[in-house]
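# Analysis of the macromolecular model
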Amino acid sequence: MIRLDHLTKTYGRARGVADLTLRVPEGSCFGFIGPNGAGKSTTIRTLLGLLSPTGGSAKVLGLDCARERRKILAQVGYMPSEAMFYPDMRAGEVIRLSANLRGQDCGREAAALCEALELDKRKRVRELSLGNRKKVSIVCAMQHRPKLYILDEPTSGLDPLVQRAFWAELEARRREGATVFLSSHVLYEVHRYCDRAAIIREGRLVVEGTTAELDIENKFFDYYEGRAGQ
């Protein structure tokens, strides 16, 4: 579903990612983890066609991210780490706008997600807590039932019960064949829900494999700090 070959992105003299090669199998839940500034957001924005690579290539669903962005975005559900919307719009209006931009009627699916997440669609964005704004973002990313979910810190700000409902819905969609690419700092989530993971540090891939092989919760800080293998 995702294929990166020697992906490099620089911002002048600043490093984004360097020589990143990665595969995300169809149907997997893939954890993408690392410290702040490691290059996770740069990678995600490149996958969405928001940034063009300096070198190498990035493909999603077999499509080139730089040249075929519209085709990719039509089949992807993206959830950014920051849940920011027009403050005077009601939650339901934001959700409908997201569906309308895709040219789809997602009303039934959106209603089911709002019920599962206990989201009040009548409230204006400026009245919503961080957790409730995240719920709006989840509905916008999931209501069109995409083939691929690219999620950046999806559960930050959510209470435990809503987190459980979110993961239950995501797991159900995986059983139907969807693929998940997840950036998270919550190691427990990566360990429990992801079958594969990659750790990135200073723009470079440190290690990649199954979560069982990597022993995420116990060995993460060795990889994180560059001490693994020493």
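Now for a description of the structure that goes with this document. The structure displayed is predicted, hence computed values, not measured ones. (Residues numbered from 1 in each chain as written. Predicted model: local features only at pLDDT ≥ 70, side-chain atom pairs only at ≥ 80, totals over all residues. Heavy atoms only, no water.)

Moving on: the overall build of the protein. Regarding its fold elements, the protein presents nine helices and ten strands. In terms of overall dimensions, the protein is globule-like: its C-alpha atoms have a radius of gyration of 18 Å, near the 17 Å expected for 230 residues. Over its C-alpha atoms, taken along the principal directions, the protein stretches across nearly 55 × 40 × 35 Å. Here the protein holds 230 residues, and 47% of them are scored as buried. Contacts in the protein between residues far apart in sequence, at least 24 positions, make up 67% of those at least 6 positions apart. Positive and negative charge centroids in the protein, built from 36 and 29 side chains respectively, lie 5 Å apart. (Helix = DSSP H or I, 4+ residues; strand = E, 2+ residues; numbered from the N terminus. Rg over C-alpha atoms; globule rule 2.2 N^0.38 Å. Buried < 20%, exposed > 50% of the residue type's maximum accessible area, 1.4 Å probe, protein only. Contact = heavy atoms within 4.5 Å. Lys, Arg positive; Asp, Glu negative; His and termini not counted. Charge placed at Lys NZ, Arg CZ, Asp CG, Glu CD.)

So, on to the sheet that holds strand β1 (residues 2-11). Taken in spatial order, the four strands of this open sheet run β2-β1-β4-β5, and their pairing is antiparallel. The sheet terminates laterally at β2 (14-24) and β5 (63-64), the two strands that pair on one side only. Across seven bridges, the pairing between β1 and β2 is antiparallel. Following the sheet pairing, K9 is matched in β2 by V17. (Pairing = 2+ DSSP bridges.)

Glancing now at the packing of helix α5 (residues 130-142) against helix α6 (residues 160-175). The description of two helices packed together rests on the angle between their axes and the distance between the axes. Following both chains from N to C, one finds α5 and α6 inclined at 5 degrees, their axes separated by 12 Å at the closest point. When the axes of α5 and α6 are compared, the pair comes out roughly parallel. Across from K135, I138 and M142 in α5, the residues of α6 making contact are V162, F166, E169, L170 and R173. Along the lines of polarity and charge, the residues of the contact of α5 with α6 split into five nonpolar, no polar and three charged. (Axes fitted to C-alpha atoms, helices over the stretch in contact; angles between N-to-C directions. Parallel < 35°, antiparallel > 145°, perpendicular 65-115°, else oblique. Nonpolar A, V, L, I, M, F, W, Y, C, P; charged D, E, K, R; others polar.)

Together, Y86, L97 and L101 make up a nonpolar patch on the protein surface, roughly 360 Å² of accessible area in all. With respect to the helices and strands, L97 occurs in helix α3 (residues 91-101). The exposure class assigned to L97 is partly exposed, which follows from its relative accessible area of 32%. (Patch = residues over 30% accessible without salt bridge, like charges linked within 9 Å, V, L, I, M, F, W, Y side chains within 5 Å. Areas by Shrake-Rupley, 256 points an atom, 1.4 Å probe, with all protein chains shown as cover. Salt bridge = Lys/Arg side-chain N within 4 Å of Asp/Glu carboxyl O.)

This part takes up the side chain of K9. When you line up the elements, K9 lands in strand β1. Here K9 sits buried without a salt bridge, and the closest side chain of opposite charge, D64, lies 13 Å off (N-O distance). In this structure the side chain of K9 is engaged in a polar contact, spanning 3.0 Å, whose partner is the backbone oxygen of S52. The residues contacting K9, other than those within four sequence positions of it, are R15, G16, V17, T42, L51, S52, P53 and T54. (Polar contact = N/O pair within 3.5 Å; in protein donor to acceptor, adjacent residues only side chain to side chain.)

Moving on, we come to helix α4 (residues 107-117). The set of residues buried in α4 consists of A110, L113, C114 and L117. Along the long axis of α4, the arc covered by the buried residues comes to 100 degrees, so they all point the same way. Exposed and facing more than 90 degrees away from the buried side of α4 are R108 and E115. Looking at the buried side of α4, the elements it contacts are α3, α5 and α6. (Arc of directions from axis to C-beta.)

Moving on, we come to the sheet that holds strand β8 (residues 179-183). One open sheet holds the six strands; their spatial order is β6-β7-β8-β3-β9-β10, and the pairing between them is mixed. The sheet is open, and its two edges are formed by β6 (76-79) and β10 (204-210), each paired on a single side. Each neighbouring strand pair of the sheet contributes to a mean axis angle of 15 degrees, computed without reference to strand direction. Across four bridges, strand β3 (residues 29-33) lies against β8 in parallel orientation. Residue pairing across strands places G31 opposite L182, the latter belonging to β8.

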